[in-house]
Amino acid sequence: EDQVTQSPEALRLQEGESSSLNCSYTVSGLRGLFWYRQDPGKGPEFLFTLYSAGEEKEKERLKATLTKKESFLHITAPKPEDSATYLCAVQAFQGAQKLVFGQGTRLTINP
Amino acid sequence: ETGVTQSPTHLIKTRGQQVTLRCSSQSGHNTVSWYQQALGQGPQFIFQYYREEENGRGNFPPRFSGLQFPNYSSELNVNALELDDSALYLCASSFDIMREQYFGPGTRLTVT
């Protein structure tokens, strides 16, 4: 069964303090790994799709990387507005084209 | 370009009642997926519709059912509501079944 585990569950940083969020996955044939940002009470906002090991994507202060077993979301010099829950999800080649999500990492950036 | 919209925003129902949630997909998208998100958890896949046909289903009982219309909008119906059905229900649309999914704001359902 496809599975996603994210760590840490919660992370508190000072403004400007860089860090990384981890997403470990097991999937029977990875079609894509997705990162989303979710603000409280709102729907997830699409950030990145990664398709193969070694791939990297960047957007402003965020960079996502992918290996055969895990993905990292690196946050460089974060600002308070980066505070949110970050969700990782995988999609397999076979079966329903569903997203299997991790439980998320709740990130808080203090000014 | 209009994004994914959902209605209603909030809903309070009593155990045993039935509920219908609605979703309008993003312009040009022919695939709609529904997810249930409990507080503090990641979204759980309910089912997906592609061009008006069900294209896969998660581990949810048959009292969760859906429809997709010719304009690719969609409905989620839940019968015989239980207290554990209280959650944020998310609709996501995509250009095709293999493309990234874009989520709506969700419907917060509370069952008392």
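In this convention, every chain numbers its residues from 1, walking through the sequence in written order. Labels are handed out in written order, letters beginning with A for the chains and numbers beginning with 1 for the ligands. Two thresholds apply to this predicted model, a pLDDT of at least 70 for residue-level local features and 80 or more for giving and counting side-chain atom pairs, whereas whole-chain, interface and lining totals are computed over all residues. Think of the side-chain values as coming from all heavy atoms in the structure, minus any hydrogens and water.

Caption draft 1: Structural detail: the sheet that holds strand β3 (residues 19–24) of chain B. Residue and element names in this part refer to chain B. Whether two strands pair depends on DSSP finding at least two bridges between them. The helix and strand labels rest on DSSP assignments: H or I over at least four residues marks a helix, E over at least two residues marks a strand, and numbering proceeds from the N terminus. The four strands are arranged β1-β3-β8-β7 in an open sheet whose pairing can be described as antiparallel. In this open sheet, the two edge strands, each paired with only one partner strand, are β1 (5–7) and β7 (64–68). Pairwise comparison of adjacent strand axes, ignoring direction, gives a mean angle of 20° for this sheet. Across five bridges, the pairing between β7 and strand β8 (residues 74–78) is antiparallel. Within β8, the residue paired with F64 across the bridge is V78. Angles here are taken between N-to-C directions and fall from 0 to 180 degrees, while the axes themselves are lines fitted to C-alpha atoms, restricted in helices to the stretch in contact.

Caption draft 2: Spatial organisation of the layout of surface pockets. The volume enclosed by the largest pocket comes to roughly 450 Å³. A 1.4 Å probe that fits but cannot get out identifies a cavity on a 1 Å grid over protein atoms alone, an open set with protein on both sides within 12 Å along at least five of seven lines counts as a pocket, and a residue lines either if it has an atom within 4 Å of a point. Lining the largest pocket are 20 residues, with Q38(A), T85(A), R106(A), Q37(B) and G40(B) positioned closest to its centre. Mapped by element, the contributors of at least two residues to the lining of the largest pocket are β9 (84–92) and β11 (105–110) of chain A. Residue polarity is assigned by list, with Asp, Glu, Lys and Arg as charged and Ala, Val, Leu, Ile, Met, Phe, Trp, Tyr, Cys and Pro as nonpolar; anything else, Gly included, falls into the polar class. Partitioned by chemical class, the residues of the lining of the largest pocket number seven nonpolar, nine polar and four charged. Forming the boundary of the second largest pocket are 15 residues, of which E1(A), D2(A), K98(A), V100(A) and Q44(B) lie nearest the centre. When residues of the lining of the second largest pocket are traced back to their parent elements, those giving at least two are β1 (3–7) and β10 (100–101) of chain A together with β5 (44–50) of chain B. A per-class count over the lining of the second largest pocket returns seven nonpolar, four polar and four charged. Grid points are joined across faces, edges and corners, and a volume is the space filled by probe spheres set on the points.

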